[in-house]
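Geometric and topological summary
Spelled out from the first residue to the last, the chains are:
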Amino acid sequence: MRRAPLDDQAEKRLQAYLDDLGEILRDKRQRASFALYATELLAELERKSMAPIAARLCGDPTTINAMHHKLIHFLGTRAWQDAPIRRTAAGYAVSAMETREAIGSWIIDDTGFLKCGKQSPGVQRQYTGSAGK
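Not measured: the values here are computed from a predicted model.

Below, the discussion takes up the overall build of the chain. Each helix and strand in the chain was counted, giving five helices and zero strands. Helices and strands in the chain line up, N terminus first, as α-α-α-α-α. Of all 133 residues assigned to the chain, the portion counted as buried reaches 19%. Long-range pairs, those at least 24 residues apart, make up 39% of the contacts in the chain with a sequence separation of at least 6. Accessible surface, the chain: about 10,700 Å² in total, of which carbon and sulfur atoms supply 55%.

Below is the structure:
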């Protein structure tokens, strides 16, 4: 089932969120790569590894390889701190939850996502409660 596109208000909230997270990064190239990557993680892709994300971002098949390398460079070789990004993202989540009601307790769920396929680089087999194995 496909989600409806974002309305104008949701689009503005997402942009403000990405802008705030982007401010933590050092330069505009990192911000641009981060925004592309984060937006695609929120998209409805079956596989959210670099190759399908790069393919979805590029309308022209001749530029997919360059986009793939750009994303790999951002995630794997550029120096950036994930702790401030996680802290800011957590702040947004807590703030959004608290607008509905005060947080009285936390429930931690170990639900995981099943591995798709047999050749997922960087993913090793592990227990997941959702599969019972």
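Pairing between side chains of opposite charge can happen when the charged atoms of each approach one another. Inspection of every chain in the model, using the stated rule, returns two salt bridges. Note that D82 and R86 form a salt bridge whose closest N and O atoms lie 2.9 Å from each other. Residue D82 and its partner R86 are both found in helix 5 (residues 82-100); the two are separated by four residues, about one turn of the helix. Judged by its relative accessible area of 59%, R86 falls in the exposed class.

Turning next to the environment of I24. Turning to its location among the elements, I24 is positioned in helix 1 (residues 8-24). Among the residues examined, I24 registers a relative accessible area of 32% and is labelled partly exposed. Separated by 58 residues in the primary sequence, I24 and D82 place their C-alpha atoms 9.5 Å from one another. Every residue in contact with I24, bar those within four places of it in the chain, is listed here: P84, I85 and T88.

Residue position: E23 is located in helix 1. Once the C-alpha coordinates of E23 and I85 are considered, the two residues, 62 residues apart in sequence, prove to be 9.5 Å apart.

A word on the packing of aromatic side chains. One pair of aromatic rings is described through two measures. These are the centre distance and the angle between the planes. What the rule picks out here adds up to two aromatic pairs. The interplanar angle of 80 degrees and the centroid separation of 4.7 Å between the aromatic rings of Y17 and Y92 together place this pair among those described as edge-to-face. Here Y92 lies in helix 5 and Y17 lies in helix 1, a separation of 75 residues in the sequence. For Y17, a relative accessible area of 23% gives the class partly exposed. Since its relative accessible area comes to 29%, Y92 is described here as partly exposed. Between F34 and F74, the ring centres sit 6.4 Å apart and the planes meet at 65 degrees, which makes this aromatic pair edge-to-face. With F34 in helix 2 (residues 28-42) and F74 in helix 4 (residues 64-77), this residue pair connects regions lying 40 residues apart in the sequence. One exposure class covers both F34 and F74, and it is buried.

For the rest of this paragraph, the subject is the side chain of E40. Looking at the element boundaries, E40 is found in helix 2. By relative accessible area, which is 8% here, E40 ends up buried. Discounting residues that sit within four places of it in the chain, E40 has contacts with L45, K48, I53, R56 and L57.

Calculation notes
- Residues numbered from 1 in each chain as written.
- Predicted model: local features only at pLDDT ≥ 70, side-chain atom pairs only at ≥ 80, totals over all residues.
- Heavy atoms only, no water.
- Helix = DSSP H or I, 4+ residues; strand = E, 2+ residues; numbered from the N terminus.
- Buried < 20%, exposed > 50% of the residue type's maximum accessible area, 1.4 Å probe, protein only.
- Contact = heavy atoms within 4.5 Å.
- Areas by Shrake-Rupley, 256 points an atom, 1.4 Å probe, with all protein chains shown as cover.
- Salt bridge = Lys/Arg side-chain N within 4 Å of Asp/Glu carboxyl O.
- Phe/Tyr/Trp six-rings, centres within 6.5 Å; stacked < 30°, edge-to-face > 60°.

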